[in-house]
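Commentary on secondary and tertiary structure
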Amino acid sequence: MKTEKTSKNAAYTGLFAAVAASSCCIPPVIALIAGVGGSASALSWMEPFRPYLIGLAVIAIGYAWYAYLKPKKADDCCEVDAKPKWYQTKGFLIGITLFAAISISFPYYAHIFYPNNKKEVVVVNQSDIQTVNFDVKGMTCASCEEHVKHAVNELEGIVNVAASFEKANAEVEFDNTKTSKEDIEKAINSTGYKVINK
């Protein structure tokens, strides 16, 4: 009975750690769906802990599988005929394992949740096209990049947006007769990530 409880606790710990590992990447998608941009970077402080949380998830779920699969002792025969509780089943562990894997890999497929809102821009005068590099604080993954790109593409006159969490920047090419550097900065700041002015 103690092993079953330990196995259940290990499975829940693994699940919690897996969700926490991607908690810095999930809010931008939720913010997009809910239409609230400012809270997107609220959990970006957790990103440095991501490798440790992934390790904890793998160890905890691995232990839950070990506890489930290890041979039962002969003196554990008291409840042989008893139907196992739902959290003692193989299906429960498979479900927890799959959900944890989906949660951990979320940053790698989060871009599919962002609709393509890039508009066709007719350039009347090439001299009106301006490219500005914005230093952006708070982006931690590809999901953050997509959130910034999506917010900037909502503006008129945006020709191209390239955001990089690794370089901590967003390079925006735009028609300065249709939008301004200040409008772009406001759009980026509205996501919860902040433009750093030098």
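Before any of the text, the structure's been laid out above.
This report concerns the structure included in the present document. Sequence order as written defines residue numbering, which begins from 1 separately in each chain. Selection of residues for local features in this predicted model requires a pLDDT of at least 70, selection of side-chain atom pairs for listing and counting requires 80 or more, and totals for whole chains, interfaces and linings are taken over all residues. Side-chain measures were taken over the full set of non-hydrogen atoms in the model, leaving aside hydrogen atoms and water.

1. Focus on the overall build of the chain
Per the convention used, a helix needs a DSSP run of H or I reaching at least four residues, while a strand needs a run of E reaching at least two, with both numbered from the N terminus. A count of helical and extended segments in the chain gives seven helices and four strands. Listed N to C, the secondary structure of the chain is α-α-α-α-α-β-α-β-β-α-β in terms of helices and strands. The cut-offs for exposure are 20% and 50% of the maximum accessible area for each residue type, with area from a 1.4 Å probe on protein chains only; residues under the lower value are buried, those over the upper are exposed, and the others partly exposed. Looking at the 198 residues of the chain, the share that counts as buried comes to 41%. Contacts are assigned to residue pairs that have any heavy atoms within 4.5 Å of one another. Across the chain, every contact between residues at least 6 apart in sequence was considered, and the portion connecting residues at least 24 apart equals 75%. Calculation of accessible area relied on Shrake-Rupley with a 1.4 Å probe; when residues are assessed, cover is drawn exclusively from the protein chains displayed. Accessible surface, the chain as shown: approximately 11,600 Å² in total, 60% of it carbon and sulfur.

2. A look at the pattern of salt bridges
Throughout this description, the term salt bridge denotes a Lys or Arg side-chain nitrogen within 4 Å of a carboxyl oxygen of Asp or Glu. One pass over the structure, following the stated rule, counts one salt bridge. Two residues, Lys149 and Glu146, come together in a salt bridge whose shortest N-O distance is 3.3 Å. Of this pair, Lys149 and Glu146 both sit in helix H6 (residues 142–153), separated by three residues, roughly a single helical turn. Residue classification places Lys149 among the partly exposed positions, given a relative accessible area of 24%.

3. As for the nonpolar core
What tends to happen in soluble globular proteins is that the nonpolar side chains get buried as a cluster. Residues Phe134, Val148, Val152, Val172, Ile184 and Ile188 are the most contacted members of the largest nonpolar core, which totals 24 residues. At the level of elements, strand S1 (129–137), H6, strand S2 (158–164), strand S3 (169–175) and helix H7 (181–189) are the ones that each hand at least two residues to this core. Working definition of a nonpolar core: buried Ala, Val, Leu, Ile, Met, Phe, Trp, Tyr and Cys residues. They are joined through side-chain atoms within 4.5 Å. Core analysis: the second largest hydrophobic core is formed by 14 residues, Ala17, Ile61, Trp65 and Leu93 among them.

4. Quick notes on unusual backbone geometry
Of note, Ala168 is a non-glycine position whose phi angle comes to about 55°, a positive value. Inspection of the secondary structure puts Ala168 in the loop between S2 and S3. Taking relative accessible area as the criterion, Ala168 reaches 31% and is therefore assigned partly exposed.

5. A word on the packing of helix H3 (residues 50–69) against helix H4 (residues 90–104)
Axis lines are fitted to C-alpha atoms, over the contacting stretch for helices. Their N-to-C directions set the angle, which ranges from 0 to 180 degrees. Two elements in contact, H3 and H4, have axes whose closest approach is 11 Å; the angle formed by their N-to-C orientations is 165°. One way to sum up the angle between H3 and H4 is to call them roughly antiparallel. Regarding H3 and H4, the two cross each other, and that crossing is left-handed. In this structure, H3 uses Arg50, Ile54, Ala57, Ile61, Ala64, Trp65 and Tyr68 to contact H4, whose residues at the interface are Lys90, Leu93, Ile94, Ile96, Thr97, Ala100 and Ile104. For classification purposes, angles smaller than 35 degrees are called roughly parallel, those larger than 145 roughly antiparallel, those between 65 and 115 roughly perpendicular, and all remaining angles oblique. Working rule for handedness: look at the near helix, and if it is turned counterclockwise from the far one by less than a right angle, call the crossing left-handed; if clockwise, right-handed.

6. Re the packing of H6 against H7
Two elements in contact, H6 and H7, have axes separated by 8 Å at closest approach and are oriented at 140°. Relative to H7, the element H6 lies oblique. The chirality of how H6 crosses H7 is right-handed. Residue-level inspection shows Val148, Ala151 and Val152 of H6 in contact with H7, the latter providing Ile184, Ala187 and Ile188.

7. Comments concerning the packing of aromatic side chains
Ring pairs are drawn from Phe, Tyr and Trp, using the six-membered ring of Trp, whenever the two centres fall within 6.5 Å, and their geometry is named by plane angle: stacked under 30 degrees, edge-to-face over 60, tilted for the rest. Evaluation of the coordinates by the stated rule reveals four aromatic pairs. Ring plane angle 75° and centroid distance 5.7 Å describe the contact between Tyr12 and Phe92, whose orientation is recorded as edge-to-face. In this pair, Tyr12 is assigned in helix H1 (residues 2–21) and Phe92 in helix H4, connecting sequence segments 80 residues apart.

8. Concerning the sheet that holds S2
The strands making up a sheet are joined through hydrogen bonds of the backbone, oriented either antiparallel or parallel. Pairing between strands is defined by DSSP: at least two bridges between the two strands are required. An order of S2-S3-S1-S4 is seen for the four strands of this open sheet, with the pairing classed as antiparallel. Pairing within the sheet leaves two strands with one partner each, and these edge strands are S2 and strand S4 (194–196). Direction aside, the axes of adjacent strands within the sheet are offset by 35° on average. Strand direction decides the pairing type here: S1 and S4, joined by three bridges, are antiparallel. Bridge assignment links Val136 to a residue of S4, and that residue is Val195.

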